[in-house]
Structure formats: C-alpha cells, structure tokens
Amino acid sequence: MAAKKQDSNSKPKKRNRNPDANTNPDSSSFKKPKLVSSKPENKPVEKVFKPFKKTFGKVKSQSGEEKKTPLSKRERRIHAKELTEARKKRRKQYYTLEQELARLWEKMRQRNIAKEERSKIITEAIQKMKGKIPEIASSHVSSRVLQTCVKYCSQTERDAVFDELKPHFLTFASNKYAIHLVTKMLDNASKKQLAEFISPLRGHVASLLRHAVGSVVIEHAYQLGNATQKQELLMELYSTELQLFKDLASMKESRPWLFFRLVDVISKLNLQKGSVSRHMASVIQPILEKGIVDHTIIHKVLIEYLSIADKTSAAEIIQQLSGPLLVRMIHTRDGSRIGILCVKHGSAKERKKIVKGLKGTVGKTAHFQYGSLVLACIVSTVDDTKLVAKTVIRELQTILKELVLDKNGRRPLLQLLNPNCTRYFSPDEMASLSLSISSLNAMGDLEVNRETKSLKDEESSDKDNSGRDVTMVEADGSASSETLQLVEGGKKDPSIRRQELLVGSGLAKNLIDMCTENAEELLRSNFGKEVLYEAATGGSGGILQQTLGDELNALHEAIASVAAESKSEGSEKEHVLENFHSSRTIRKLVLDNPAFAATLWKKALSGKCEQWAQGHSSKVICAFLESSDAMVSKLAKEELQPLINRGILKLPEKKQPANEG
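These numbers were taken from a predicted model, which means no experiment stands behind them.

(A) The overall build of the chain, seen in detail. Check the secondary structure of the chain and you find 38 helices and two strands. Counting all 661 residues of the chain, 45% fall into the buried class. By sequence separation, contacts in the chain at least 24 residues apart represent 70% of the contacts at least 6 residues apart.

(B) Spatial organisation of helix 4 (residues 115-129). For helix 4, which comprises 15 residues, the first-to-last C-alpha distance of 21 Å matches the rise-based estimate of 21 Å (1.5 Å per residue) to within 8%. What helix 4 keeps buried is the set Arg 118, Ile 121, Ile 122, Ala 125, Ile 126 and Met 129. Buried residues of helix 4, seen end-on, are gathered within an arc of 135° and therefore sit on one face of the element. Seen from the open side of helix 4, the exposed residues pointing more than 90 degrees away from its buried face are Glu 116, Lys 120 and Gln 127. Elements in contact with the buried residues of helix 4: helix 3 (95-108), helix 5 (133-136), helix 6 (140-152) and helix 7 (155-165). Downstream of helix 4 by one or two residues, Gly 131 has phi in the positive range, about 85°.

(C) Expanded view of the packing of aromatic side chains. Inspection of every chain in the model, using the stated rule, returns three aromatic pairs. What links up through ring pairs into an aromatic cluster is the set Phe 162, Phe 169 and Phe 197. For Lys 230, the ring lying beneath its charged end belongs to Tyr 222, and the centroid distance is 5.4 Å.

(D) Spotlight on the pattern of salt bridges. What the rule picks out here adds up to 18 salt bridges. Two residues, Lys 128 and Glu 100, come together in a salt bridge whose shortest N-O distance is 3.4 Å. With Lys 128 in helix 4 and Glu 100 in helix 3, the pair connects residues that are 28 residues apart, well separated along the chain. Judged by relative accessible area, Lys 128 falls into the partly exposed class, the value being 29%. Using a relative accessible area of 27% as the deciding quantity, one classes Glu 100 as partly exposed. Two residues, Lys 166 and Glu 196, come together in a salt bridge whose shortest N-O distance is 3.6 Å. Residue Lys 166 is found in the loop between helix 7 and helix 8 (169-172), and its partner Glu 196 is found in helix 10 (residues 191-198); the two are separated by 30 residues along the sequence.

(E) Expanded view of the confidence of the model for the chain. Per-residue pLDDT for the chain averages 80, and the proportion of residues at 70 or more is 77%. In this model residues 21-30 is a low-confidence stretch, pLDDT under 50, and it forms one contact with partners more than four residues away in sequence or in other chains. Across residues 471-488, confidence stays below pLDDT 50; counting only partners more than four residues off in sequence or on other chains, it has 48 contacts.

(F) Representation of the nonpolar core in the model. Membership of the largest hydrophobic core comes to 174 residues, with the highest contact counts inside it found for Met 129, Leu 544, Leu 600, Leu 605 and Phe 624. In terms of residue count, the dominant contributor to this core is helix 16 (residues 296-308) (eight residues).

(G) Quick peek at the environment of Leu 233. Position of Leu 233 among the secondary structure elements: in helix 13 (residues 227-238). When its relative accessible area of 2% is taken as the criterion, Leu 233 is described as buried. As a C-alpha pair, Leu 233 and Ser 199 span 34 residues in sequence and 9.2 Å in three-dimensional space. Setting aside its immediate chain neighbours within four residues, Leu 233 contacts Ile 198, Leu 201, Val 205, Ile 218, Ala 221, Tyr 222 and Ile 297.

Reading the values: rules and limits
- Residues numbered from 1 in each chain as written.
- Predicted model: local features only at pLDDT ≥ 70, side-chain atom pairs only at ≥ 80, totals over all residues.
- Heavy atoms only, no water.
- Helix = DSSP H or I, 4+ residues; strand = E, 2+ residues; numbered from the N terminus.
- Buried < 20%, exposed > 50% of the residue type's maximum accessible area, 1.4 Å probe, protein only.
- Contact = heavy atoms within 4.5 Å.
- Expected span 1.5 Å × (residues − 1).
- Arc of directions from axis to C-beta.
- Phe/Tyr/Trp six-rings, centres within 6.5 Å; stacked < 30°, edge-to-face > 60°.
- Lys NZ or Arg CZ within 6 Å of the ring centre and 35° of its normal.
- Salt bridge = Lys/Arg side-chain N within 4 Å of Asp/Glu carboxyl O.
- pLDDT = per-residue confidence, 0-100.
- Core = buried A, V, L, I, M, F, W, Y, C linked by side-chain atoms within 4.5 Å.

Set out below in structure tokens:
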C-alpha cells in the first residue's frame, strides 16, 4: 500500500478537463487544440516599454504643406530648456528679476573689482529690489544677492533694507535661506537696530529654539546683545511670569543682570520654585529630543535648570546628555560645566557613554580651553581606567609633543602629574572643576537613578549647604576655599587611579621619552617647560620614581647636557641658562629635585660658575645655596662662596646665608 501511495504521489497532477472539450479516450493528450493562425509563427516579442518618442518640428514644404521632421539632440535640449524657463516664470512671480540680480551678483562679489564699480552695481541691484525685498528675501538666489549688498553697501542703503525687512524678521528667522540674510543684518546692525530686532522676539524665543534654523538666529542675537538684552532672551525660558517684569532688567545693582543666577532671581521675586522648574522642563525637553545643543544660550539655561532641579529631574537630564550630545556642548564655558557635572554625578553606565562618545575627538577636545577641563575631570573621576586608557589616553599618546606645547592641551597631562594644582588652573577653572549638584550630591546612600544604587557623600557638599544648589564662581572670578576643594565623583582611590592611567597605560614612559628627545625645545617653551618640570620631578608624590627611575635619570642627563653646552657670544639663540623661561625652570628643578641638582652640577656647572654668575643664569647658581637639601648646598658652597666674597655673585637679601666667623 505504501508503495502504491508513493507511486501515485510521484506522478504529476493532471489538469482539470474542460467539460466543453471533445473527449477522446484514445487520445493521449487532453489539451485544447491550437487554432491555425494566418500570421507567421516567428512573430517578434512585443516590448514592454515604449520606444523613445522623437520630437518633431514643423517644416513647410514648397507646396505650402507642413511636414514634421525629427529634432536633433541639441535642438531637443534647447526646447526642454525653454519649457523649463516658461514653467519657472509661471510658478515664480519674480523669476526674471532674480535672473537679473544673479548676473549683477556675479560682478559685485568679485575680489578684484574696484570699490566705485561695486558701489554702482550694488546701488543698481538695490533699486531693482526696492519694494520687493520681503518677497524675494526667502529665495535661494536673491538672499545671496541681498547678503552681498548688505555687506558692501552704504549705511543709508543698509538702513533702507533694514526698514523694509523689519516687519518680517520673525518670519525670516525660521526660513532656511533668509536666515543667512538675517544674521548678516545683525552683524552690521547698529545698537538701535539690534534692539528693534530683539524686541519682537519676546514670546517666541522658546519656539524658535526648538527650530533647527530659528535657534541659530536666537543664538546670534544672544551673542551680539548686551547683558540686558541677553537677560531679556533668557527670561521667558525661565518662567512665563518673568516676562511681566520688564523693568527688572534696568535694576541698578553692583553687577550686571546677566550674572544674577536663577536662584537669586527666584528669591528676589518670590517666585514658585516648582512652577519655574516645570516651565523650564517643558522648554528644555523638546530641545534635547531634537538634539539642538550647540548654542551657548541653551547651555546657560541647562546650567541654571540644574541649579533648581530636584534629584529626579537632574538625574534625567544627566541621563539624556550622557553620550555624543555632550561632546557638542563642551566647547563653551557653561557647556564644559555641564559636562563636568555629568561626569561627576552620572552612573557608571552614563560615564561609559560619555567616554565612548569622545572617541576620535579627544585630541581636538584637548585643544579647547573648556574641553580640556572636561578631560581633566574624566581622568580624575572615572573609575573604569581600562576604558579611559583605551579611549582617552591612547589618543593623547599619539600627539604628546603637540599637547605639551599647547596651553590647553597640556592640562589633562598636568592633571595626572600634579592633580588640582592652582599653578596650572585659574580660580575660575578650579571653580568649574569643583562644581556639584547639591540635589544629587546630598543624597548620600539614596538612589541617584536606575543605573546606580548610591553616591558617596563628599565633605565639600556638606560645607556648601547654604542654599546654593550648584557651586558657582562669583562674577569677579574669585572663589572661596570651600569652592576650590574638588568633589571626587569616583569611588576608587585617587592614587590607584593615577597609577593605572599614568604608569599602567604607558603614558608616563612615552612622556618622559618625548621630554628627553626634546629637552631644549621644551625648556625654552612657555608651556612645555611646566610639563617638563613635572615629569623631571617624578610627578606629585613621586609617582614616577618607583617604576621609571632609569628613564628619569636619562631625562636629567638630557637637561644637564643642554645646559653644559658652551656659551657662544656670536650665536643668535640664547643659552638655556640665560633664557628667561628655561633658567627659571632649571632653578626650580635644582630647588625641588636633589638628584637633578647633583647631575647638573657635575655635568654642567662644576668649575664654570664664574661665567654664569651674571644675568638670568645667576639664579640657577644661587639655587644651589638656597636648596634645603644639605648635600646640594655642600656641592656648590666651596666654589660659590669665593664668588660671593668677591662680589661677583649676589644672593637675594632675604636668602643670604649667615656669615660664618
């Protein structure tokens, strides 16, 4: 049975018979017979697509009848262009005018054109546009012509264009072509015209900031405005109630209105803190969702919002910003402060996103004044040293010399070599590094967010509990001692973190090798000498001396070799002992590092002190007698004391040794 079933299955299925067909039991096929066609059997297959339709032109024959002849490619192209032009003329009201303006623009924007000729062309263009500027300003072509006209025209012509555009500024602020004209007008506007532009923006700042194009106009106006105008733009972002207090901007205070923090405004006007917080959240959330975070006005609003936000709202903002968004913010002062707060108060997962978001941009970020502060915060806060070494340290190692010679680029290196040193960070920068959010910082063992279980209480947050939610530096740049005490966000021992990032990653060895190869150049550099000094002394706490003693000795030898070079009077280049920067760096090394002092004395100064007893080099010689190390002073005393007695070498009055009788 199974075999029969298998055989039956293997046979192909028969088609259903047509009941109308004539059945013949003797026939082996049940197909309907084909009808005999009169057409030939080798009929060509019909094409699916129609062939190209040729364009015909009308040509009159000798008899007067019109005949259609196919056009050439060139004629078809000309015909299509004519149709396009006709279509554009029907669709655009000022198409002909735009074409004329484009021809004038090609002449006026040339660099080698005479001023008088350009002025004539611009005047002609403005006359053609007069009365039609609002209608054509949104055009891709006409807006470019207007920009050039505004840039080079006279003040009278510029005022006429401004007056014609003034009623339409709000509309143009969100147009992708007219925005460039608006920003150009703002750049060339007088104080009165700038005020006339900012005034109509009241009530529309929040909506324009949510617009990708409109936010650029708001930011431009914010950058050009004075302190009062900036505060006007910020007020409606803080609270709808603040729009009613227009006279507050003219209050006579000891500092400009701009430097009033939101906490002070709330307490001064007795506003509801919860109402302000809710309004700011409704403004900020759509902006963050659209990723419009590049503008300083948004950074200002965010830093003020974090100063009044509760722990849940602040944690949500940090969670949203942690990642690639933060990289686009840290180029400004307030943006870098937000970055520091996110690094300090973020969870381990959020810190990982921040560090990974910096991948590929670490070198560029290190050259920014404020971006370098965020990197300094990362290397002194994040506990995942493997991730930091892989992402941050590895990119820094590839451009070590460039970073060491750069004012901002050296900061992450100095933060590892000598953490939180006030010699390398200004009071304002130290205040930025010490910022914290008290609503998160004072939580102790409570949950910060879903990713973290607890945050460590810090001594600085206990000291700064006087109603200030975010520690901010004063307007004059001063900061209290409590402000300068930095808040450590990580739980790992700082010394272990430094050891893993500086020594374990190989950064220290590469840094010392680079300093050894470029000792003379770094000694003469205003910025490189500080990194050289920290590396030669072994870093704060002697962190490099235990594992890299041989490399440090080689660096000392390299510096001493440069100092041992003979003094040539005809040379244009100053000797390192006579150069302003290098002589003071070598002096500090003699005072702070006895091992270097011994190497320098034996290799460069022994028996040659008399020729270096004058000028900047005398400070290096005197440093041996001023050193607190007895062995260092003993090395030089025998040779230097006769020079002092003869009056060749003079010590500073306060540091002269007592005359031994």
